[in-house]
Amino acid sequence: MRPTGVQEALSQVKADAKGFGNGVANGVHRESRHPLIDGVVSLEEKRDMYGFTVRPQHLEKYLEHDKIYKEEEVHRSNRWEQFLETYTSTSDSRSNGRGGGETAIEGRGSCWGSLRAVEQAVLHKHSGVGNGDAIGMCPWAEEVKKLVWEGVPVSLRGELWQIFTGAKVRWKDGFYQERLARDANVVKPFAGPVEKPPRLEKWASQIEKDLPRTFPGHPILGEDGMGSLRRMLTAYARHNPIVGYCQAMNFLGALLLLFMPEENAFWTLTSIVDVYFEGYYTEKMTEAQVDQLVFTQLMRERLPKLAKHLETVDVEISWFTGSWFLSIFVNVLPWECVLRVWDVLLYEGNRSMLFRTALALLEIHAAPLLQLHDNGDVLSMLQSMGETTFDSSQLVLSACLGFQEIDEGRLQKLRTRHRPTVIAEMHKRSLDVRQWRTINASSKQAINGTTNGSVVAPLRITQGEETNTLKPQSNDQRRLINLEDEDRSTLEPHLNGLKGLDIAEFEERHTLNYQLSAPKFFSYEPLVSNENHFKNEPYGRIDETDEFEDTESSDQEEEISRLRKELEHALQAREEAECRAEGLKHALAEMDQNRHSPVEMEKLKAQNAQLKQSLADKHEQESATVEVLVRLEQENRKADDARRRAVEKAEENCETSARALRRAADELEVMKKRALAAEIMLEAMEKRAVMAESMLKAVEQQAADELRAMEKRAVMAESMLEATLNFQSGSGPRTKRGVEPKSGALASMDSC
Amino acid sequence: MCRLRDHAQGFRRRPFPDLSFFISSFRSFCQVLLGDMGAGKSSLALRFVKGQFFDYQESTIGAAFLTQTLAVNETTVKFEIWDTAGQERYHSLAPMYYRGAAAAIIVYDITNADSFGRAKKWVQELQRQGNPNLVMALAGNKADLASKKKIEAEEGQAYAEENGLFFMETSAKTAQNVNELFYEIARKLPKAQPAQAAGMTLTDRSASRLTPAKTTCCT
């Protein structure tokens, strides 16, 4: 038995390297296939192989990676083909032919049968039996996981996503058509002066606004595509009014429509929003906020340096990750990456891949982020870095391998820890609003002199038979909170019972929840407020819409029409509830089959408790290990810090000594210069000394010469004197007198 | 680490090295766009930042961050803009974007009376936050669709005056009043700067806050 469908699709892909359009065409769009999805044309239109616009600034980078994408696609097609060939016969023999599912694809002659091996692997994974357990063991589960990490071939993506999400299991014939058909016979018991369209139409107008704003210009989302998307989203809103329509679901739905027919896409979307993203897209978006606190904590643990840096520049990562998570990275990452992330996320059956992907993305861009020190620059980079991350394999593998230990168990634990914070915050905010409003209202009343309550109260009571709970405005809120508490107490046993049975059966649980509470709780927004029951949170009704209620609804007529509307909603809700009751009965019957006897139930419960205990123990162990690891890492870091500090100090020392040395050298230089100057001076002095000496000698010489000349003159004078004396007189006295004049002459000469 | 922060919420001094003395003065401030879905918040931001306009602008999920630097009255102003999602339920995420903003533009669609009602609720919400220094602007967008007009300019103007906002009718499609709107905010900002630290409630932030003092989206 050859699985022709898959093989055909795979060989097509291999034959045509740019055959990505085939994958899309393989789904619902086989006939309406648009030429733009084919590789060559798409590039001219600046659209990628999936038909999405490529921003001009990224076109070059995209083209670069496009080749890699295609190579990878061929490679993974080969791998999947091999896998399916190997395991198809094995799994077929083991297949238990689960009913219901086949109908999902019967109509379009698909290759579902050949993918049983994958289906079994997924079932095995979801059932939670594994890890070496012999019962329900699926030997190729690990291989499927690896294959999914490497990516799902485009040609199989539609089918595999449906298998991953359990769309096949959820499928109920006629359900989708029924949701849509209800359009025609909306019950309008008070078709009086109700100006505004009924509640469901609020979604309709929102959906209508968003349809052309969902991947505008995408070839698949022409008139037909938009029609499909409109029907899908409307049907979903009616299926789960707690969520209704939330922006982001338009993108999720449109992406699914790209790979599968409308009704299949509806079931897949239902699965994603109800199970994977339970509590995410609801009116209060509680879980979306909880996840942000969880992610912030994880980031501080796993990317401490970056987390610290962001703290320094006053950036909170949740400003961005909020959008990333809500859109499941659609319009955040390039399409190849988005699809690869979706492959893993859907395969895993929960949204833990969001956290791993976000961490991996931040890790990849950590280095340049750390270089930025301006708040605005960091924000800009965080905003734009996603769309430049073209390396899908790097992203997905570093997410799956690098952050492997961030799994659903760990996340659940963290969510439980952070949820009260979020709820308390919301509670506080709504209290603040009420306080503010009370102050405002009382000041207004003081001016107007008339109270709304007294006028409105009787009206409300007349409607009481239907609504049962409505009271004058002032007490209304408190009453609702009390009521809800009552509801919860009645609900809790049911919920606990259900938990004991099968936690994964989300839909039944919430159907039950809804059915039990709806008749009692017809207020302005009965369905939304049920979210709290569902979570079993210790807080009352925190009605968000409340904050947006008009403060000055003094108009009586307005009140009446509002009440009418309420009633209408209530009736509608009841109808909805009845429909659901039908489904619930079904589910209960099924459950009864499973539940053989109370004794067995007890046993199962006990087992469950044990399992839970052991799970908790494991978690504790794990957290202890993590703690130890963290501590080790901290110590490491400390040691590193110390080492770094030591090195820094050594460097500092070196620098100081170098500086000293330099200073000494400078001084030496100065000294040398001074010495040189001194030498020069010395030389000059010596010269002067020599000169002085010679001058002295000259003076001495002169003096001696003069002396000699004097002596000569003295002698001459003496001789002249003697001659004179001789000439004048005799011998004795002559001598004596002769000496005296001579000395007198000398003295006179000296004085000269 | 010193926190480089002016007194006013949402203002921010440049980090070191501060080169701002080369130009006469440099300011960067954070503003937030709020309003009903499809009112044209993203289109206004895109027109102002990139000068582009698309008939069908993709819906914003969560929020998007954009910047534009311009010279306004010899001052270089860097506009840091948070463009938020419009659907009512996304309102629960809005506080983290408008808290700490120096200015808020509340946008409504002049062809849609509901969007005007929702704009009023946004004004109330911001007033409730009690930040006296917040510059608020009311923008009646899609002025090009005059034939489908449901809210007259006088009505918008009257409401704005009553609540101390300034008002403009804009069109992201024709670019009418778009730059003027942002310029006017920039002009109003220095006046709004208080003498002492802003008296905004710093305490009602969620535990996601890393430090109690960190209260702004752009600081």
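About the thresholds
Residues numbered from 1 in each chain as written. Chains lettered and ligands numbered in written order. Predicted model: local features only at pLDDT ≥ 70, side-chain atom pairs only at ≥ 80, totals over all residues. Heavy atoms only, no water. UniProt positions renumbered as here; feature names shortened; annotations may be inferred. Helix = DSSP H or I, 4+ residues; strand = E, 2+ residues; numbered from the N terminus. Buried < 20%, exposed > 50% of the residue type's maximum accessible area, 1.4 Å probe, protein only. Contact = heavy atoms within 4.5 Å. Areas by Shrake-Rupley, 256 points an atom, 1.4 Å probe, with all protein chains shown as cover. Salt bridge = Lys/Arg side-chain N within 4 Å of Asp/Glu carboxyl O. Pairing = 2+ DSSP bridges. Core = buried A, V, L, I, M, F, W, Y, C linked by side-chain atoms within 4.5 Å. Arc of directions from axis to C-beta. Patch = residues over 30% accessible without salt bridge, like charges linked within 9 Å, V, L, I, M, F, W, Y side chains within 5 Å. Phe/Tyr/Trp six-rings, centres within 6.5 Å; stacked < 30°, edge-to-face > 60°. Expected span 1.5 Å × (residues − 1). pLDDT = per-residue confidence, 0-100. Axes fitted to C-alpha atoms, helices over the stretch in contact; angles between N-to-C directions. Parallel < 35°, antiparallel > 145°, perpendicular 65-115°, else oblique. Nonpolar A, V, L, I, M, F, W, Y, C, P; charged D, E, K, R; others polar. Polar contact = N/O pair within 3.5 Å; in protein donor to acceptor, adjacent residues only side chain to side chain.

Where an unreviewed UniProt entry is consulted, chain B appears under the name Rab5, with the organism given as Ceratodon purpureus. Under the heading Subcellular location (unreviewed entry), UniProt records this for chain B: "Endomembrane system".

Chain A goes by Rab-GAP TBC domain-containing protein in an unreviewed UniProt entry, where it is assigned to Ceratodon purpureus.

Peer 1: Looking at this model, I keep getting lost on the overall build of chain A. Mind explaining?
Peer 2: Summing up its helical and strand segments, chain A has 33 helices and zero strands in all. Across the 752 residues in chain A, those meeting the buried criterion constitute 47%. In chain A, of all internal contacts separated by at least 6 residues, the share reaching a separation of at least 24 is 79%. When the accessible surface of chain A is split by element, carbon and sulfur atoms take 55% of a total near 37,300 Å².

Peer 1: Explain the pattern of salt bridges to me, please; I cannot follow it from the model alone.
Peer 2: For the coordinates displayed, the defined rule picks out 42 salt bridges over all chains. As a salt-bridge pair, R89 of chain B and E283 of chain A come within 3.6 Å of each other at their nearest N and O atoms. Residue R89 of chain B is located in the loop between β4 (75–84) and α2 (95–98), and its partner E283 of chain A is located in the loop between α14 (262–276) and α15 (286–302); the two belong to separate chains. Across this residue pair, the class does not change: R89 of chain B and E283 of chain A are buried. Note that K149 of chain B and E169 of chain B form a salt bridge whose closest N and O atoms lie 3.1 Å from each other. Within this pair, whereas K149 of chain B is found in the loop between β6 (135–141) and α4 (153–162), its partner E169 of chain B is found in strand β7 (residues 166–169), the two being separated by 20 residues in sequence. Assessed through its relative accessible area of 25%, K149 of chain B is described here as partly exposed.

Peer 1: Even after reading the chapter, I still don't get the pairing of β4 of chain B, so can you show me in this structure?
Peer 2: Moving residue by residue along a regular strand, the side chains alternate between the two faces of the sheet. Residue and element names in this part refer to chain B. The element β4 is extensively covered by neighbouring structure, given that ten of its ten residues are classed as buried. Residue alternation in β4 divides its side chains into two sets, T75, V77, F79, I81 and D83 and T76, K78, E80, W82 and T84, and both sets are buried. As paired elements, strand β3 (residues 63–72) and β4 share ten bridges and run antiparallel to each other. Note on β4: the bridge partner recorded for A63 is T84.

Peer 1: Can you help me understand the nonpolar core in this one?
Peer 2: As a rule of thumb, nonpolar side chains are buried together in soluble globular proteins. Counting 165 residues, the largest nonpolar core has Y281, W342 and L362 of chain A as its most contacted members. Contacts of W342 of chain A, omitting those with residues within four sequence positions, involve W161, L252, L255, L256, I272, I328, V330 and Y347 of chain A. Counting residues in each nonpolar core, the second largest holds 28 residues, with A45, F166, M168 and A186 of chain B among its members.

Peer 1: Help me understand α4 of chain B in this model?
Peer 2: Along an α-helix, a turn takes 3.6 residues, which lines up residues three or four apart on a common side. Residues and elements named next belong to chain B. The set of residues buried in α4 consists of G156, Y159 and A160. Around the axis of α4, the buried residues are gathered within 100 degrees of arc, so they sit on the same side. Seen from the open side of α4, the exposed residues pointing more than 90 degrees away from its buried face are E154, E161 and E162. Taken together, the buried residues of α4 touch β5 (103–109), α3 (113–129), β6 and β7.

Peer 1: Explanation requested: a nonpolar patch on the surface in the structure shown.
Peer 2: Residue and element names in this part refer to chain A. A contiguous nonpolar surface patch, about 270 Å² in accessible area, is contributed by V628, L629 and L632. Note on placement: V628 falls in helix α32 (residues 598–728). By relative accessible area, which is 41% here, V628 ends up partly exposed.

Peer 1: Looking at this model, I keep getting lost on the pairing of β5 of chain B. Mind explaining?
Peer 2: Residue and element names in this part refer to chain B. Here β5 lies mainly inside the structure; seven of its seven residues are buried. The two faces of β5 match: A103, I105, V107 and D109 on one face and A104, I106 and Y108 on the other face are all buried. In the sheet, strand β2 (residues 26–35) pairs with β5 via five bridges, with the strands oriented parallel. Looking at the pairing, L33 lines up with I105 of β5. Where β5 and β6 come together, seven bridges link them in parallel fashion.

Peer 1: Quick question: what am I supposed to make of the packing of aromatic side chains here?
Peer 2: One pair of aromatic rings is described through two measures. These are the centre distance and the angle between the planes. Residue and element names in this part refer to chain B. For the coordinates displayed, the defined rule picks out 36 aromatic pairs over all chains. Taken together, a centroid distance of 3.8 Å and an interplanar angle of 5 degrees make the contact between F48 and F182 stacked. Placement of F48 in helix α1 (residues 41–50) and of F182 in helix α5 (residues 178–192) is noted, with a sequence separation of 134 residues between them. The class for F48 is buried, based on a relative accessible area of 3%. Look at F79 and F182: their rings are 6.2 Å apart centre to centre, the planes differ by 85 degrees, and that puts the pair in the edge-to-face class. With F79 in strand β4 and F182 in helix α5, the pair connects residues that are 103 residues apart, well separated along the chain. Like F182, F79 is buried.

Peer 1: Looking at this structure, how should I read helix α19 (residues 352–364) of chain A?
Peer 2: For α19 of chain A, built from 13 residues, the straight-helix expectation of 18 Å at 1.5 Å per residue is met to within 8% by its first-to-last C-alpha distance of 19 Å. Burial of α19 of chain A is extensive: eleven of the 13 residues sit out of reach of the surface.

Peer 1: Explain the confidence of the model for chain B here, please?
Peer 2: Detailed reading of the predicted coordinates is not advisable wherever pLDDT falls low. All names here are of chain B. When pLDDT is averaged along chain B, the result is 80, and 75% of the positions lie at 70 or above. Predicted confidence is poor over residues 1–10, with pLDDT under 50, and the contacts of this stretch with residues over four places away or in other chains come to 43 contacts. Model confidence for the complex is summarised by a pTM of 0.64, with the ipTM given as 0.82.

Peer 1: Whenever I open this one, the packing of helix α17 (residues 318–326) of chain A against helix α21 (residues 375–384) of chain A confuses me. Can you help?
Peer 2: Packed helices, taken two at a time, are described by the angle their axes make and the gap between the axes. Residues and elements named next belong to chain A. At a minimum axis separation of 10 Å, α17 and α21 run at an interaxial angle of 10 degrees. Classified by the angle their axes make, α17 and α21 are roughly parallel. Facing α17, whose interface residues are W319, F320 and W324, α21 presents L379, L382 and Q383. A per-class count over the contact of α17 with α21 returns five nonpolar, one polar and no charged.

Peer 1: Would you take a moment to explain the confidence of the model for chain A for this structure?
Peer 2: All names here are of chain A. Of all residues in chain A, 66% have pLDDT values of 70 or greater, and the mean over the chain is 74. Scored below 50 in pLDDT, residues 128–135 shows four contacts in the model against residues more than four places distant or in partner chains. Scored below 50 in pLDDT, residues 187–197 shows 15 contacts in the model against residues more than four places distant or in partner chains.

Peer 1: Please clarify how the environment of S59 of chain B should be interpreted in this entry.
Peer 2: In this structure, S59 of chain B sits in the loop between α1 and β3. For the pair S59 of chain B and Q87 of chain B, spaced 28 residues apart in sequence, the C-alpha to C-alpha distance is 9.6 Å. Once residues lying within four places of it in the same chain are set aside, the contact partners of S59 of chain B are D210, R213, Q247, N250 and F251 of chain A. Within the local environment of S59 of chain B, its side chain forms a polar contact with the side chain of N250 of chain A, the two groups lying 3.2 Å apart.

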